[in-house]
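A structural walkthrough
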Amino acid sequence: MSLPKYASIDGEIIEWENAKVHVASAAFKFGTAVFEGLRGYWNSDEEQMYLFRMEEHMQRFEFSQRFMRFSDIYEAETVTQKTIELIQANKFKGENLHIMTTSYVSGMGGPGVCGPIGLSITAQERPRSDRVLGGVTAQVSSWMRVPDNAMPMRVKCNANYNNGRLATVQAEADGYDTAIFLNSRGKVSEGPGMCLFIIRDGIPMTPSISNDILESVTRDSVLKLIEDIYGIKPIERDIDRSELVAADEAFFCGTAWEITPILSIDRINIGTGQIGKTTKELQDIFFATSEGRKKEYMSWCHPVYG
Ligand SMILES: Cc1ncc(COP(=O)(O)O)c(C=O)c1O
């Protein structure tokens, strides 16, 4: 895939090649940075790009910066405007996008350094992956999800992602597509970069937010869609490891993973080992919603053009 022409650094549109961070910065040395990954969905009928739940992503972005005690906070309004400017400068049309907004400590010093703060934004074309459409296999990881009182997963701090890296690399080395973490209490937590739902006897459920997960925007969307469409309130609670395999259907959800069916866990089929009926229905509704094709959810879609 070709690289975009421009990135955005500290609010300025610059050539992609010049988007650099100093090797002595805390961001580089310690991963002292927080980010949001979000998507632009192209609606070909309207010739419009919609940023999916930009407001909620930006609320979380502000929270992460405050939590990490950054000396300055890039606010939602500024980052939204700069993101739109970048997409327009790159003239992205016709394909979905993956966007990253990152606020980072460019200051040099020890791990306690709190500023100055830089802002980078990148946007790249990213078509829907085959995994989203075809489903994945997962391994319950031998790596534990980092607990909230060590490095809180609800804060989208770059350094947190090495926990997910270890589990991903292990899962791939063992012949799986991805991993599922258990937390320090042995309960199901989430995937390396996505949350998880199971459906058991017709009841959708997902680990509650006190299971060391990121408070996912997609998870929140799925909770609302399930309630609106099926008239049932999904259950948010502790989920045991053995319940994963007792499930009739299971799927991951997240900005990058959208709604991705889980076909098997630890090589045991989930249901029939095919994409579940409800999972497929939810996937279709989620795609339509994020492309701005569902009038009742237009408040989730932030237009880029016009
Ligand atoms: C650890 C983790 N969990 C869950 C998610 C899903 O969150 P969201 O739906 O807000 O993208 C992500 C997404 O980036 C993530 O990194």
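Keep in mind that this is a model prediction, so the values were computed, not measured. (Residues numbered from 1 in each chain as written. Predicted model: local features only at pLDDT ≥ 70, side-chain atom pairs only at ≥ 80, totals over all residues. Heavy atoms only, no water.)

Observations concerning the nonpolar core
Counting residues in each nonpolar core, the largest one holds 27 residues, and the members touching the most others are Met 49, Leu 51, Ile 87, Phe 92, Ile 99, Val 304 and Tyr 305. For this core, the elements supplying multiple residues, two or more each, are strand 3 (33–43), strand 4 (48–52), helix 2 (54–67), helix 3 (76–90), strand 5 (97–105) and strand 6 (117–125). Among residues more than four places away in sequence, those in contact with Ile 99 are Glu 36, Gly 37, Leu 38, Arg 39, Gly 40, Leu 51, Thr 83, Ile 87, Ile 121, Thr 122 and Ala 123. Residues Phe 52, Val 222, Leu 225 and Leu 282 belong to the second largest nonpolar core, which totals 22 residues. (Core = buried A, V, L, I, M, F, W, Y, C linked by side-chain atoms within 4.5 Å. Buried < 20%, exposed > 50% of the residue type's maximum accessible area, 1.4 Å probe, protein only. Helix = DSSP H or I, 4+ residues; strand = E, 2+ residues; numbered from the N terminus. Contact = heavy atoms within 4.5 Å.)

Considering the site of the ligand
The immediate surroundings of the ligand are formed by 16 residues, with Tyr 161, Glu 190, Ser 216, Thr 218 and Thr 255 found nearest. A distance of 2.8 Å separates an oxygen atom of the ligand from a polar atom in the side chain of Arg 60. Contacts to the ligand include Lys 156, whose side-chain N or O atom sits 2.7 Å from an oxygen atom. Every element with two or more residues in the shell around the ligand is listed here: helix 2 and helix 6 (217–230). (Near = heavy atom within 4 Å. Polar contact = N/O pair within 3.5 Å; in protein donor to acceptor, adjacent residues only side chain to side chain.)

Some thoughts on helix 5 (residues 161–173)
In this model, helix 5 (13 residues) spans 18 Å end to end at C-alpha, consistent with the 18 Å of a helix rising 1.5 Å per residue. In this structure, the buried side of helix 5 is in contact with strand 7 (136–144) and strand 8 (178–182). Just past helix 5, the residue Gly 175 takes up positive phi, approximately 90°. (Expected span 1.5 Å × (residues − 1).)

Observations concerning the side chain of Ser 141
The residue Ser 141 is located in strand 7 in this model. Within polar-contact distance, the side chain of Ser 141 engages the backbone nitrogen of Trp 143 at 3.0 Å. Leaving out residues up to four positions away in the same chain, Ser 141 has contacts with Ala 167, Ala 179 and Ile 180.

Description of the sheet that holds strand 15 (residues 301–303)
The strand order 2-1-6-5-3-4-15 describes an open sheet built from seven strands, whose pairing is antiparallel. The open sheet terminates on both sides in strands that have one partner only, identified here as strand 2 (12–15) and strand 15. For this sheet, the mean inter-axis angle between neighbouring strands, taken without regard to orientation, is 30°. As paired elements, strand 4 and strand 15 share three bridges and run antiparallel to each other. Its bridge partner lying in strand 15, Phe 52 is registered against Cys 301. (Pairing = 2+ DSSP bridges. Axes fitted to C-alpha atoms, helices over the stretch in contact; angles between N-to-C directions.)

Considerations on the packing of helix 2 against helix 3
A packed helix pair is summarised by two numbers, namely the angle formed by the two axes and the spacing between the axes. Where helix 2 contacts helix 3, the two axes come as close as 9 Å, and the packing angle between them is 125°. Here helix 2 is positioned oblique relative to helix 3, judged by the angle of their axes. Helix 3 is crossed by helix 2, and the crossing has right-handed handedness. Taken together, the residues of helix 3 that come into contact with helix 2 (itself represented by Met 54, Met 58, Phe 61 and Glu 62) are Ala 76, Val 79, Thr 80 and Thr 83. Considering only residue class, the contact of helix 2 with helix 3 consists of five nonpolar, two polar and one charged. (Parallel < 35°, antiparallel > 145°, perpendicular 65-115°, else oblique. Left-handed = near helix turned anticlockwise from the far one by under 90°. Nonpolar A, V, L, I, M, F, W, Y, C, P; charged D, E, K, R; others polar.)

A word on the environment of Val 136
Its location among the elements puts Val 136 in strand 7. Judged by its relative accessible area of 0%, Val 136 falls in the buried class. Distance in space between the C-alpha atoms of Val 136 and Tyr 176 is 8.0 Å, their sequence separation being 40 residues.

Quick word on the pattern of salt bridges
Here the structure, examined in full by the defined rule, presents 21 salt bridges. A salt bridge links Arg 200 to Glu 243, with the nearest nitrogen and oxygen atoms 3.4 Å apart. Remark: Glu 243 occurs in helix 7 (residues 241–246) and Arg 200 occurs in strand 9 (residues 195–200); sequence separation between them is 43 residues. Between Glu 243 and Arg 237 there is a salt bridge, with the nearest N and O atoms lying 2.6 Å from each other. (Salt bridge = Lys/Arg side-chain N within 4 Å of Asp/Glu carboxyl O.)

Some words on the domain arrangement of the protein chain
Often, the extent of an interface is quoted as the loss of accessible area upon association of its parts. Partitioning the protein chain into domains gives domain 1 (6–127) and domain 2 (131–290). Between the C-alpha centres of domain 1 and domain 2 the distance comes to 25 Å. Each partner contributes to the interface: domain 1 provides 23 residues, whereas domain 2 provides 21 residues. Interface area, domain 1 with domain 2, both sides summed: about 1,800 Å², of which 61% is carbon and sulfur. When the buried area of domain 1 at its contact with domain 2 is split by residue, Phe 35, Phe 52 and Arg 60 rank highest and sum to 33% of it. If you look at where domain 1 meets domain 2, you find one salt bridge. (Domains from an automatic or database assignment. Buried area = accessible area lost by both parts, 1.4 Å probe.)

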